[in-house]
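# Coordinate analysis (summary)
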Amino acid sequence: MSECIYCNATADSLEHPLPAAFGEFINAPQLENRICKPCNNTRLGVLDEQLSRCGPEGLLRRHYGITGRANHEPVNPFYRGSAGGHRIEFKTYDEQLGFDVLIECDAGVYRQVRQIIFVEQSGRTHHLPIREGNTPEQLRAAYEELGVKRPAELHFLCDDDEKHWVEPLLIKTFGGTLSSTRAEGSATYNGAIGTVTVTNRYFRAIAKIGFHYFLTQYPGYTGEEENFSKLRTFILDEDSPLERANDFIAKRELPLLQAMLRAGTRPAGWRAHLLAAEIKNGALLGHVQLFITEDWPAPAYTIQLGHGSLLRDRAAGHLYAYYQDGPHGSYAGEAQELATKRTSLVASLSPVITRAHDRC
């Protein structure tokens, strides 16, 4: 067996360039025996975890009811973050209550999050999701981090069958310092504002996907070449500043699919991911576009993998299309190899990070 492209251990794992959290696809390209199990499952696994749970993709997975592997711990990203990322926040104004509330999504159904809402005298609100298993100490610490100005009103939202444990938890947490009122919010809402906050792991995951897919399409490269040394370092570097992503990843303004070249065109009635690889004028490139749907203007990322002259200019791509009628057994969909063609169009690229604390 060969050595892992990230360390000196034996490469003994099967890697899916598109993370398994997005489902398993028939005929999907796989990267075999290029990465060791510890790197694949642990060092790189946290990248996939943050990407699929904390970024926009985490919201879209919940919206479309995509669960990934059954043996992975289910996590509701509206209640907590994963792998160092923050929880997804979806906030909307509740006309019945007169203040904002948090909402969540599960398989296309939107509802209120189980939550505490602190309303300051100024009208400013602070929100704290209540997770099952929360202790009074955990809730109190989270409350202190919010920086609520006192005095403040405390309202909480929960289902009827949750009152028996939520109310005692709030009493143990706040005692008599804040009086609590169970709120009865609206049943419908008109729009919401979503916020996702990620770390460098999110962009390192994008780079990893493009790199690993490239290697499945061009086996003439092993991934160990000096051409990829800077990229490999970036993918593994936990201390990399967020702006470092701009050295490798850019937003591509030109769509990857020919059918989407017309301004504003989105595919109707289907959902898919697109991975592509390209060698152009000595540049080794990967392209990643996740959740191409009629609902979401999916950003396309181009990853600068390195430079080399081992192979002539060429391109390859796969469309990971979900079955429209739901999973077929263990398969969420099918990976379809795409035909590629040359074009005179030049894709303009823009930085993925414009300042250190950008939110995606």
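Going along each chain's sequence as written, the residues are numbered from 1 onward. With pLDDT at 70 or above as the cut-off, local features in this predicted model cover only qualifying residues; side-chain atom pairs require 80 or more to be listed or tallied, and sums for whole chains, interfaces and linings still use all residues. With hydrogens and water excluded, all non-hydrogen atoms of the structure serve as input to the side-chain values.

### Regarding helix α5 (residues 163–174)
The terminal C-alpha atoms of α5 lie 16 Å apart, and with twelve residues this matches the ideal 16 Å at 1.5 Å per residue to within 8%. Exposure is judged per residue with a 1.4 Å probe applied to protein chains only, and the accessible area is read against the type maximum: over 50% gives exposed, under 20% gives buried, and values in between give partly exposed. Counting from the N terminus, the helices are DSSP H or I runs at least four residues long and the strands are E runs at least two residues long. The complete set of buried residues in α5 reads Val166, Leu169, Leu170, Thr173 and Phe174. Summarising the axial view, the buried residues of α5 lie within an arc of 100°, below the 170-degree limit, and thus occupy one face. Turned more than 90 degrees away from the buried face of α5 sit His164, Ile171 and Lys172, all of them exposed. Buried residues belonging to α5 abut β7 (115–120), α4 (136–146) and β9 (152–157). Immediately downstream of α5, the backbone of glycine 175 shows phi near 55°, a positive value. Expected helix span is computed as 1.5 Å times (number of residues minus one). This arc is built from the directions going out from the helix axis to the C-beta atoms. Note on contacts: a residue pair is in contact if any heavy atoms of the two residues lie within 4.5 Å.

### Some thoughts on the pattern of salt bridges
Whenever Lys or Arg places a side-chain nitrogen within 4 Å of a carboxyl oxygen from Asp or Glu, that contact is recorded as a salt bridge. If you walk through the whole model with that rule in mind, you get 16 salt bridges. Among the salt bridges present, the one from glutamate 104 reaches arginine 62, with a minimum N-O distance of 3.9 Å. Taken together, the residues span a long stretch of sequence, with glutamate 104 in strand β5 (residues 99–106) and arginine 62 in helix α3 (residues 56–64) at a distance of 42 residues. Sharing partners across several salt bridges, the network here consists of Arg62, Glu104, Arg111 and Asp159.

### Re the packing of helix α6 (residues 200–217) against helix α7 (residues 229–236)
Two numbers describe how α6 lies on α7: the axes approach to 9 Å, and their chain directions differ by 140°. In terms of orientation, α6 and α7 fall into the oblique class. The crossing of α6 and α7 is left-handed. Along its contact with α6, which presents Phe203, Arg204, Ala207, Lys208 and Phe211, the element α7 presents Leu231, Arg232, Phe234, Ile235 and Leu236. Angular values range over 0 to 180 degrees, each being the angle between N-to-C directions of two axes fitted as lines to C-alpha atoms, with helices fitted over their stretch in contact. Oblique is the label for every angle not falling under 35 degrees (roughly parallel), over 145 degrees (roughly antiparallel), or within 65 to 115 degrees (roughly perpendicular). It is the rotation of the near helix from the far one that decides the hand of a crossing: anticlockwise by less than a right angle makes it left-handed, clockwise makes it right-handed.

### Quick look at empty space enclosed by the protein
Points on a 1 Å grid over protein atoms alone make up a cavity when a 1.4 Å probe fits among them but cannot get out, and a pocket when they form an open set with protein on both sides within 12 Å along at least five of seven lines; lining residues each have an atom within 4 Å of a point. Grid points are joined across faces, edges and corners, and a volume is the space filled by probe spheres set on the points. Taken as a whole and assessed by the stated rule, the structure comprises two cavities of 30 Å³ or more. Empty space within the largest cavity amounts to approximately 60 Å³. Taken together, His16, Pro17, Leu18, Pro19, Ala20, Gly23, Glu24, Phe25, Ala28, Pro29 and Tyr320 make up the lining of the largest cavity. Under the scheme applied, nonpolar residues are Ala, Val, Leu, Ile, Met, Phe, Trp, Tyr, Cys and Pro; charged residues are Asp, Glu, Lys and Arg; polar residues are all the others, including Gly. Grouping the constituent residues of the lining of the largest cavity by class yields eight nonpolar, two polar and one charged. Taken as a whole, the second largest cavity holds about 40 Å³ of empty space. Broken down by class, the residue content of the lining of the second largest cavity amounts to six nonpolar, one polar and one charged.

Any link to function would need more than the numbers given here.
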